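Topology and contacts: notes
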Amino acid sequence: GVVGYMNGGYLSGGAANFDFEVSGCSNIPSFSDVATGFCSTIKIESSSYDPTYAGGIAGFVASNSEVCGIASSVQIKASSQVGGAVGAAIGENIALRNIFTSGNVTGSGLEIGGVVGRIENGVTLYNSINYATVDCGTTGAEIGGVVGYSKYIDKIMPHIYYCVNTGSVKSCNA
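Every value quoted in this text rests on a predicted model; they were computed, and no experiment measured them.

**Considerations on the sheet that holds strand β7 (residues 110-113)**
Spatial ordering of the open sheet is given by β3-β5-β7-β10, a layout of four strands whose pairing is parallel. Two strands in the sheet have a free side with no partner beyond their single neighbour: β3 (54-55) and β10 (141-144). In this sheet, β10 lies alongside β7 in parallel orientation, the contact comprising three bridges. In the strand pairing of β10, Ile 112 is matched with Ile 143.

Next comes the structure, spelled out in C-alpha cells:
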C-alpha cells in the first residue's frame, strides 16, 4: 500500500508515488461526500502468502490517525491482517471513513476483511463500502465483507457505523 505503518497523522484522498497504477474512478462507486475522487489500482502479492498487515492503502494504522476519502481497487494476496484498504487498525483515536474498496482480497491466515482486516480498541470505521471479493483460501479464518475481526480491549470498544458489504465472501476450506 501507500503506508506501511502509520502512527499518528492524516491520509486523505491522495497517495505518494508508489508501485501501483493510478487509474480513473469510473468503475468505483462512491458516496457524494468523497470530495477527492482519488482512486488507485493496487496489486500486492506474495507467492508464499507470508506478509501480515497487508492493506491497499496502509498495512498498519496506529493511535491518533485518520484515513478518509479513499477508493481503491486491489488484488491482495497475503497471510493475516489483510484488508482492501487497511490491514489492521489498532489503538485509540483512529478514524477510518469514506473508504471504498473493490477487487480481490485473499488471505491464508486470520483476520481478512474487505475494508479492514482487524480493528481493535478506539477505532471508528464509518461510511464505507466493500465491493471486493473476500477469500480466505483453504486455511484462513475470521473473514468478513467489511471487517475480518473486531476486538474489544480495556473497556474501549471499536465502532462500525454505516458500512455496507456488496462483495462476495468466500468460505474457508471450500
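Anyway, onward from the coordinates.
**Points about the pairing of β7**
Across two bridges, strand β5 (residues 82-83) lies against β7 in parallel orientation. If you follow Val 82 over to β7, its bridge partner there is Ile 112.

**Some words on unusual backbone geometry**
At Asn 127, a position not held by glycine, the phi torsion is positive, near 55°. On the basis of relative accessible area, Asn 127 is assigned to the buried category, the value being 15%. At Glu 142, a residue that is not glycine, the phi angle is positive and equals roughly 55°. A relative accessible area of 33% means that Glu 142 is categorised as partly exposed.

**A closer look at the pattern of salt bridges**
Throughout the structure, instances matching the rule amount to three salt bridges. Of the charged contacts, one joins Glu 111 and Arg 118 as a salt bridge, the two residues approaching to 2.8 Å between their closest N and O atoms. The exposure class assigned to Arg 118 is buried, which follows from its relative accessible area of 14%.

**Looking at the side chain of Thr 101**
If you trace the backbone, Thr 101 turns up in strand β6 (residues 86-107). Classification of Thr 101 as buried rests on a relative accessible area of 0%. Excluding residues within four positions of it along the chain, Thr 101 makes contact with Ser 72, Gly 84, Ala 85, Gly 114, Val 115, Ile 129, Asn 130, Tyr 131 and Ala 132.

**With respect to the side chain of Ser 73**
One can find Ser 73 in strand β4 (residues 58-78). On the accessibility criterion, Ser 73 (13% relative accessible area) is buried. Within the structure, Ser 73 has its side chain in polar contact with the side chain of Ser 102 (distance 3.5 Å).

**Some remarks on the nonpolar core**
Core analysis: the biggest nonpolar cluster contains 18 residues, and Ala 89 and Leu 96 have the highest contact counts within it. For this core, the secondary structure elements donating two or more residues are β4, β6 and β8 (116-130). Filtering out sequence-adjacent residues up to four positions away, Leu 96 remains in contact with Val 67, Val 86, Ala 89, Val 116, Val 123, Thr 124, Leu 125, Tyr 126 and Ser 128.

**Regarding the confidence of the model for the protein**
Chain-level pLDDT for the protein is 76 on average; 70% of the residues reach the 70-or-more range. Predicted confidence for residues 14-43 stays below pLDDT 50, and this span has 57 contacts to residues more than four positions away or in other chains. Contacts for the low-pLDDT stretch residues 45-49, under 50 throughout, to residues beyond four places or in other chains number eight contacts.

**Concerning the environment of Gly 107**
Considering the arrangement of structural elements, one finds Gly 107 in strand β6. Expressed as a C-alpha distance, the spacing of Gly 107 and Ser 80, which sit 27 residues apart in the sequence, is 6.1 Å. Filtering out sequence-adjacent residues up to four positions away, Gly 107 remains in contact with Ala 78, Ser 79, Val 82, Ile 112, Asp 135, Cys 136, Gly 137 and Gly 140.

Rules used in this analysis
- Positions within a chain are numbered from 1, following the residues in the order the chain's sequence is written.
- With the structure being a predicted model, the display of local features is reserved for residues of pLDDT at least 70 and the display and counting of side-chain atom pairs for 80 or more, all residues being used for whole-chain, interface and lining totals.
- To get the side-chain values, take all heavy atoms of the structure and skip hydrogens and water.
- If DSSP finds at least two bridges between two strands, the strands pair.
- Only DSSP runs of H or I with at least four residues qualify as helices, and only runs of E with at least two residues qualify as strands; both kinds are numbered from the N terminus onward.
- In this scheme, a residue with accessible area under 20% of its type's maximum is buried, one over 50% is exposed, and one in between is partly exposed, where area comes from a 1.4 Å probe on protein chains only.
- When a carboxyl oxygen of Asp or Glu is within 4 Å of a side-chain nitrogen of Lys or Arg, the pair counts as a salt bridge.
- Only heavy atoms matter for contacts: two residues are in contact if any of them lie within 4.5 Å across the pair.
- Under this definition, polar contacts are N or O atom pairs within 3.5 Å; protein pairs additionally need one hydrogen-donor-capable and one acceptor-capable atom, and for neighbouring residues in sequence, both atoms have to be side-chain atoms.
- We define a nonpolar core as any set of buried Ala, Val, Leu, Ile, Met, Phe, Trp, Tyr and Cys residues linked to one another through side-chain atoms lying within 4.5 Å.
- Summary of the metric used: pLDDT quantifies the predictor's per-residue confidence within the range 0 to 100.

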